[in-house]
Structures are given as structure tokens and as C-alpha cells.
Amino acid sequence: MIVIEDVHKSYGNQHILRACSATVSLGEVVVVCGPSGSGKSTLIKCINGLVPFERGTITVDGVSVSSPKTDLPALRSRIGMVFQSFELYPHMTALQNVSLAQIHVLKRSRAEADARSEKILARVGLGDKRDSRPSQLSGGQQQRVSIARALAMDPQAMLFDEPTSALDPEMINEVLEVMQELALEGMTMMVVTHEMGFAQRVADRVLFMDRGQIVEDTPKAQFFTAP
Ligand code: ADP
Ligand code: ADP
């Protein structure tokens, strides 16, 4: 589903990603971990074209990310992305946040989008919060809205960039549970996280990054039993 080959990325003279290669197969959950600053977030943002890279190739379901002809909005609608900082529109309700891209990118009618949004909000446990604005929601609820927003686009894969790092400890589980359910339903997922319990329960493979390189790519069983 996602094929990353020999990707290099620099900021100025700082070499951030060095020869990164990895694949994520259909239905697989891959957790990316490693020290802060090792390039995890940059790698994940390269996959949906948020960050341009200068060497190597990334394809998502056969579509090249780096080709000048790539339709980036189309690509991004096929890959859901969830950020550490939620990135919701503060002046819009939960429902409006979830419907917006469906209307503007997928060209769904407002009625169609809202119906879909309601269904997905219920699925992430927020059926009664559709009319709340982000400031009226807890961090855990806001992050579930942003997961719902991505899911409403019917993505083929989901990328998560430290989805629980900005949350108070008591809210982490409600977000991880939604993610775990998604994984069980067979969603292809790439997740940057420090939550090793989640990795142990849910990941099929764990990538370990260090200074811009993928230094380990191991099936979960091996990763967690290594000395
Ligand atoms: P991680 O997610 O593993 O913490 P990042 O991918 O966020 O790492 O960052 C890797 C390195 O790239 C860091 O040194 C960071 O400061 C640098 N970096 C990230 N984004 C930018 C940017 N837009 N401009 C310059 N340097 C950046
Ligand atoms: P997140 O973890 O939510 O992806 P970050 O806190 O890593 O966000 O980065 C926020 C923004 O700042 C990103 O657009 C990133 O590319 C940019 N950034 C990160 N590190 C640097 C840096 N050293 N210099 C310039 N921009 C940076």
C-alpha cells in the first residue's frame, strides 16, 4: 500500500532523512518510534506530500507522491492524517469540521457530508458532541474529532503523528482505543508514537529511527523480546 524507497530529505545543509526505505502492506499497522528529532514526523509528512523530499520515491497504492503530475489533494484524501495538535477549525462545530473536506475535496453535498459525519462521530464516541466547538471539548475529544474528519474521507490508509503526545494522561486511552478498533477493522496504518503498550498490542511491525535512518524494521514479536 505504501512503498518508501531510498528517501532523502534535507533542510538547508541539515540531512534529516537518509536513505529511508520501508513498506506498509494492506491492512498492516506499522509503528514508528525513535528519539525526538530523528525524522519520524518528517518521514510521515513526506508520504502525503506535506513535506517535499529531494531523492527517492514514495508510492501510495501505486500513485507516486513525488511526481510533478501527482494530484496532491486527491492523494491526501486517500491518506488520512492525524496530527499531534488536532488542527481543527476553532470557529466550527465538530460536525462542520468533519464535513468541510468532504464538501470541498470530495464534492459531497452538505446533507450527504453531514450524514456521513454524524455516523463517524458516533463511531468515535462523540455522537452527542456534533454541535460543540473545539474549545468546548477535551483534548481527547478533539483528537477523536480529527480522527473522524480523516475517516469521513474514506481513506485507504491512515497516518498518525504522535496523536497522543499533546494529551493529558487520562485522555490517552480513549484515543488509543479508537485507533486500536480501526486497526482491528483492517485499516492500513502508520503511527508515530511513544506509546509502547499500544505498539505491543496493535503493531504488526515496529520501525526504529535514529538520526534520519530507519535502523530497525522488525516484526513486533521480535522487537519486544530483543534484549
Ligand atoms: P521527530 O518526529 O523524530 O521528532 P522531526 O521529523 O520532527 O523528528 O524532525 C527531524 C529534524 O528535522 C529535527 O532536527 C527538526 O528540528 C528538523 N526539522 C523539522 N522540520 C523542519 C523545518 N520545517 N525546517 C527545518 N528543520 C526542520
Ligand atoms: P508535529 O509534531 O505536530 O508534526 P512539530 O512540532 O514537529 O509538529 O513541528 C511543527 C512545525 O514546525 C512543522 O511544520 C515542522 O516542519 C516545523 N519545524 C520543526 N522543527 C523545525 C525547525 N528546526 N526549524 C524550522 N521549522 C521546524
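Keep in mind the model is a prediction, meaning the values are calculated, not measured.

**A closer look at the site of ligand 1**
Step number 1: Surrounding ligand 1, one finds Y11, Q14, I16, P35, S36, G37, S38, G39, K40, S41 and T42.
Step number 2: At a separation of 3.1 Å, an oxygen atom of ligand 1 approaches a polar backbone atom of S38.
Step number 3: At 2.8 Å, a backbone N or O of S41 approaches an oxygen atom of ligand 1.
Step number 4: Contact with the protein chains hides 60% of the accessible area of ligand 1, taken as 560 Å² for the molecule alone.
Step number 5: Of all the elements in the fold, those that place two or more residues in the shell around ligand 1 are β2 (14-24) and α1 (40-47).
Step number 6: For the shell around ligand 1, the element with the highest residue contribution is α1, accounting for three residues.
Step number 7: Class assignment of the residues belonging to the shell around ligand 1 gives a composition of three nonpolar, seven polar and one charged.

**Some details on the sheet that holds strand β9 (residues 205-210)**
Step number 1: The strand order across the open sheet formed by six strands is β6-β7-β8-β3-β9-β10, and the pairing between neighbours is mixed. Only two strands of the sheet have a single neighbouring strand rather than two, namely β6 (79-82) and β10 (213-219). Within the sheet, the average angular offset between the axes of one strand and its neighbour, ignoring direction, is 15 degrees.
Step number 2: The pairing of strand β3 (residues 29-33) with strand β8 (residues 188-192) spans four bridges and is parallel. When the bridges of β8 are listed, V32 appears paired with V192.
Step number 3: Of the strands in this sheet, β3, β6, β7 (157-161), β8, β9 and β10 are in contact with α1, which crosses β7 at around 150 degrees.
Step number 4: Strands β3, β7 and β8 of the sheet are contacted by helix α6 (residues 169-184), whose axis makes an angle of about 150 degrees with β8.

**Details of the site of ligand 2**
Step number 1: The environment of ligand 2 is made up of S41, K45, Q84 and D161.
Step number 2: Separating an oxygen atom of ligand 2 from a side-chain N or O atom of S41 is a distance of 3.3 Å.
Step number 3: The side chain of K45 places a nitrogen or oxygen atom 2.8 Å from an oxygen atom of ligand 2.
Step number 4: Alone, ligand 2 offers 560 Å² of accessible surface; in the complex the protein occludes 30% of this.

**Here's the deal with the side chain of S117**
Step number 1: Secondary-structure assignment places S117 in helix α4 (residues 110-123).
Step number 2: Owing to a relative accessible area of 0%, S117 belongs among the buried residues under this scheme.
Step number 3: Engagement of the side chain of S117 in a polar contact is seen with the side chain of S99, the distance being 2.8 Å.
Step number 4: When residues no more than four places from it in sequence are discounted, the contact partners of S117 are L95, V98, S99 and Q102.

What counts and how
Residues numbered from 1 in each chain as written. Chains lettered and ligands numbered in written order. Predicted model: local features only at pLDDT ≥ 70, side-chain atom pairs only at ≥ 80, totals over all residues. Heavy atoms only, no water. Near = heavy atom within 4 Å. Polar contact = N/O pair within 3.5 Å; in protein donor to acceptor, adjacent residues only side chain to side chain. Areas by Shrake-Rupley, 256 points an atom, 1.4 Å probe, with all protein chains shown as cover. Helix = DSSP H or I, 4+ residues; strand = E, 2+ residues; numbered from the N terminus. Nonpolar A, V, L, I, M, F, W, Y, C, P; charged D, E, K, R; others polar. Pairing = 2+ DSSP bridges. Axes fitted to C-alpha atoms, helices over the stretch in contact; angles between N-to-C directions. Contact = heavy atoms within 4.5 Å. Buried < 20%, exposed > 50% of the residue type's maximum accessible area, 1.4 Å probe, protein only.

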